[in-house]
Amino acid sequence: MLKSKRALPVAGAGFIVLVSFIYSLAGTIAIPVYPIFIKNLFNNPAYAGYFLSFVYFMIFSFILLSIYFLKKFDRWTLMKYSILLSGLSYFVLSLVTSVKELVILEIFRTMAVAVNFVVTGLLIRDHSTRKNISKNEGFYFAIINISFFIGPIIGGYLADAYSISKVFMISSIFPLALFLFLVTKKNPREEVDGVYTNIFSNIKDYFRNKDLALNYITAAGLLSWLTILYVYIPLFMYQNGLNEKTIGIFLACTVIPLIIFEIPITKLRRYVGYRKLFFTGFLLIGLFGAATFFFSDIYIKLLFFILTNLGIAAVEPLKESYFFEVIRKKSDETRFYPIFKTSSDIGHLTGPLIFSTVLLFSNFNVMFLVASIIMIGYGILSLFLKEIKWSLLLNI
């Protein structure tokens, strides 16, 4: 349970959230410049999208393989060294000058991202109960979204004042300093997970459960929309003459609805239920996104894109708590959680594949409209999820 303490927490969900916040600053500072950096290497925004699909395919693969890491090492060890590898990767990224160098580096960076991604969620679950998991997840996403507010502003200003390579170099400071802090702290010793590591059998068993399968698909749908926000809109803005500083400010503004609404929505879930919130969330994303098609003024378009995050706030903090509430066995949580986490990368992978293909044959406005219609489809699909009743959770 998350508790307020005077001293800096060195264990529990609060400490995990603090570590995740500092770690995420590296990525969020790089957000406004990374798509531009890739576009400059490939000289084509659509090809940049395809490359990002490759990146997320690598993360997808390493998330599936993370079950072997969980069998060999305890979770805190994996947390610390994934943070170290991430920091080193961002520093080396500041030195990259060719596509070949970028591809090689991304293999190592995506490994760090994937392992950290899985371990963070499991550690938060370890320090939660079924009754407060949605609350803890909401708190986690709210705090992480603060880094998504701060980071892009810092990254945009640094790129405008110095260069993209300097942004990557400064990004590396946060995970490297965090690693040095963690190795000086004595974390609770945890047992290595004794999990069933037959990946294909785990995948088959996971998708036999209709609710886990539907939750996977809708979670992937949400993450595919995030590629619109964090990849294509920066490219769209850059194409329309807006600089990195403006892109950073815009990206920071997109998370304001998340910071304000995600925690209240996790509390609303016990009265409204998952299905209605998921459906409403995707519907808002689709409607606000589609509205951009009918306006030519770029600033009105950007305002509507900010409003799509009202819908994201209704889905993002609940997709993981729904997973944990459907799962009943502790062993199945470790066994199936890496599979569920690949939904993020399937979304990040399929999003650019679909959206870049649309972009090759049309323009940004048509691509945004197509993406919005797809989001409404995910909302309809979410209505088929099994509802988890609050009264049942009180007895767990």
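Predicted model only: the values in this text are computed from it and were never measured.

Caption draft 1: Representation of the side chain of Ser94. Tracing the backbone shows Ser94 in the loop between α4 (75–93) and α5 (99–126). Reaching out from Ser94, the side chain makes a polar contact with the backbone oxygen of Phe91 at a distance of 2.4 Å. Once residues lying within four places of it in the same chain are set aside, the contact partners of Ser94 are Ser165, Phe168 and Met169.

Caption draft 2: Summary view of empty space enclosed by the protein. Under the criterion given, the structure shown has three cavities of 30 Å³ or more. Each pocket or cavity is described by its volume, and for the largest cavity that value is around 1,200 Å³. Lining the largest cavity are 46 residues, and of these Tyr56, Val113, Phe117, Phe148 and His348 sit closest to its centre. The residue inventory of the lining of the largest cavity, partitioned by class, reads 26 nonpolar, 13 polar and seven charged.

Caption draft 3: Region of the structure containing helix α13 (residues 274–291). Counted at 1.5 Å a residue, the expected span for α13 with its 18 residues is 26 Å, and the 26 Å between its end C-alpha atoms agrees. Among all positions of α13, only Tyr274, Leu277, Phe278, Gly281, Phe282, Ile285, Gly286, Gly289, Ala290 and Ala291 are buried.

Caption draft 4: Examining a nonpolar patch on the surface more closely. Together, Phe149, Ile150, Ile154, Ile256, Ile260 and Phe261 make up a nonpolar patch on the protein surface, roughly 460 Å² of accessible area in all. Listing elements by their share of the nonpolar patch, those giving two or more residues are α6 (133–161) and α12 (256–272).

Caption draft 5: The arrangement of the layout of surface pockets in detail. Its volume calculated, the second largest pocket comes out at about 160 Å³. The wall of the second largest pocket is formed by Phe69, Phe73, Thr77, Leu78, Tyr81, Ser82, Leu85, Met111, Ala112 and Val115. Taken together, the elements giving at least two residues each to the lining of the second largest pocket come down to α4 and α5. No other element matches the five residues that α4 contributes to the lining of the second largest pocket. Residues belonging to the lining of the second largest pocket are distributed by class as follows: eight nonpolar, two polar and no charged.

Caption draft 6: Fine view of the pattern of salt bridges. A complete count under the given rule lists five salt bridges for this structure. Here Glu106 and Arg109 are joined by a salt bridge, their closest N and O atoms 2.6 Å apart. Of the two residues, Glu106 and Arg109 are both situated in helix α5; the distance of three residues between them amounts to about one turn of the helix. Judged on exposure class, the residue Glu106 and its partner Arg109 are both buried.

Caption draft 7: Spotlight on the environment of Phe174. Note that Phe174 resides in helix α8 (residues 173–183). Between the C-alpha atoms of Phe174 and Ile83, which are 91 residues apart in sequence, the distance is 9.3 Å.

Caption draft 8: Just the packing of helix α10 (residues 210–239) against helix α14 (residues 298–326), in detail. Direction vectors running N to C along α10 and α14 enclose 155 degrees, while the axes themselves pass 10 Å from each other. By the angle class used here, α10 and α14 are roughly antiparallel. Once α10 is placed against α14, the crossing between them reads as left-handed. Looking at side-chain class alone, the contact of α10 with α14 contains 19 nonpolar, three polar and four charged residues.

Caption draft 9: Just α10, in detail. Between its first and last C-alpha, α10 extends 43 Å over 30 residues, near the 44 Å set by a 1.5 Å rise per residue. Maximum bend of α10: about 35 degrees, positioned at Tyr232, with proline Pro234 one to four residues after it. The element α10 is extensively covered by neighbouring structure, given that 26 of its 30 residues are classed as buried. Put simply, Asn209 is the residue that caps the front of α10, since its side-chain oxygen is 3.0 Å from the backbone nitrogen of Asp211. At the exit of α10 stands Gly241, carrying a positive phi of roughly 90 degrees.

About the cut-offs
- Residues numbered from 1 in each chain as written.
- Predicted model: local features only at pLDDT ≥ 70, side-chain atom pairs only at ≥ 80, totals over all residues.
- Heavy atoms only, no water.
- Helix = DSSP H or I, 4+ residues; strand = E, 2+ residues; numbered from the N terminus.
- Polar contact = N/O pair within 3.5 Å; in protein donor to acceptor, adjacent residues only side chain to side chain.
- Contact = heavy atoms within 4.5 Å.
- 1 Å grid on protein atoms, 1.4 Å probe; cavity = no way out; pocket = protein on both sides within 12 Å on 5 of 7 lines; lining within 4 Å.
- Points joined across faces, edges and corners; volume = space filled by probe spheres on them.
- Nonpolar A, V, L, I, M, F, W, Y, C, P; charged D, E, K, R; others polar.
- Expected span 1.5 Å × (residues − 1).
- Buried < 20%, exposed > 50% of the residue type's maximum accessible area, 1.4 Å probe, protein only.
- Patch = residues over 30% accessible without salt bridge, like charges linked within 9 Å, V, L, I, M, F, W, Y side chains within 5 Å.
- Areas by Shrake-Rupley, 256 points an atom, 1.4 Å probe, with all protein chains shown as cover.
- Salt bridge = Lys/Arg side-chain N within 4 Å of Asp/Glu carboxyl O.
- Axes fitted to C-alpha atoms, helices over the stretch in contact; angles between N-to-C directions.
- Parallel < 35°, antiparallel > 145°, perpendicular 65-115°, else oblique.
- Left-handed = near helix turned anticlockwise from the far one by under 90°.
- Bend = angle between axes of the 7 residues up to and from the residue.

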